[in-house]
Amino acid sequence: ASSCALVNEDNFGFVKLVSPQGASPINIDSLISTNHPCLFAPPQFRLELLGAQALTFWASTDEMRTKSTSDYKLSMAPEVLSKRFCDSRNEFINAVNYATID
């Protein structure tokens, strides 16, 4: 029945709409070979990153105009998050290297 359908996933589906033309499918091999962040970024880090992005947006709007700059250290957020991200990435790479069988 799906081969007889006028509209099918291959031609009009969500994957087709959001994927660049000629994109290769994502599989576990490609994720591991590129050390993709989805494999090692802990859920708590993801929540903190989303919160930091939201706070950055909020702080860059008129909401923070009445606050003094000593009340918040917005410039520290990227540095702290980058360090935690790199630490998680390095732990993941080490774990993959230890699990590799020669």
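The model shown is predicted, which means the values in this text are computed figures rather than measured ones.

Conventions adopted
Residues numbered from 1 in each chain as written. Predicted model: local features only at pLDDT ≥ 70, side-chain atom pairs only at ≥ 80, totals over all residues. Heavy atoms only, no water. Helix = DSSP H or I, 4+ residues; strand = E, 2+ residues; numbered from the N terminus. Buried < 20%, exposed > 50% of the residue type's maximum accessible area, 1.4 Å probe, protein only. Contact = heavy atoms within 4.5 Å. Salt bridge = Lys/Arg side-chain N within 4 Å of Asp/Glu carboxyl O. Phe/Tyr/Trp six-rings, centres within 6.5 Å; stacked < 30°, edge-to-face > 60°.

A. The overall build of the chain, seen in detail. Across its full length, the chain carries five helices and zero strands. Mapped from its N terminus to its C terminus, the chain presents α and β elements in the order α-α-α-α-α. The 102 residues of the chain split such that 13% are buried. Taking the intrachain contacts of the chain between residues at least 6 apart in sequence as the baseline, contacts between residues at least 24 apart amount to 55%.

B. The arrangement of the environment of alanine 41 in detail. When you line up the elements, alanine 41 lands in the loop between helix H3 (28–33) and helix H4 (43–59). Along the backbone, alanine 41 and arginine 84 are 43 residues apart, and their C-alpha atoms lie at a distance of 9.2 Å.

C. View of unusual backbone geometry. The backbone of asparagine 35 sits at a positive phi, close to 50°, despite the residue not being glycine. As for its position among the elements, asparagine 35 is in the loop between H3 and H4. Among the residues examined, asparagine 35 registers a relative accessible area of 16% and is labelled buried.

D. Spatial organisation of the pattern of salt bridges. Using the criterion set out here, one finds two salt bridges in the structure. Two residues, arginine 84 and glutamate 48, come together in a salt bridge whose shortest N-O distance is 2.0 Å. Taken together, the positions of arginine 84 in helix H5 (residues 76–99) and glutamate 48 in helix H4 put the pair 36 residues apart, joining distant regions of the chain. A relative accessible area of 32% means that arginine 84 is categorised as partly exposed. For glutamate 48, a relative accessible area of 30% gives the class partly exposed. Its salt-bridge partner being lysine 83, residue aspartate 87 comes within 3.0 Å of it at the nearest N-O pair. Highlighted residues: aspartate 87 and lysine 83, both in helix H5, separated by four residues, approximately one helical turn. For aspartate 87, a relative accessible area of 34% translates into the label partly exposed.

E. Local environment of the packing of aromatic side chains. Within the structure shown, the criterion is met by three aromatic pairs. By way of ring pairs, the aromatic residues Phe40, Phe45, Phe85 and Phe92 are connected into one cluster.

Any link to function would need more than the numbers given here.
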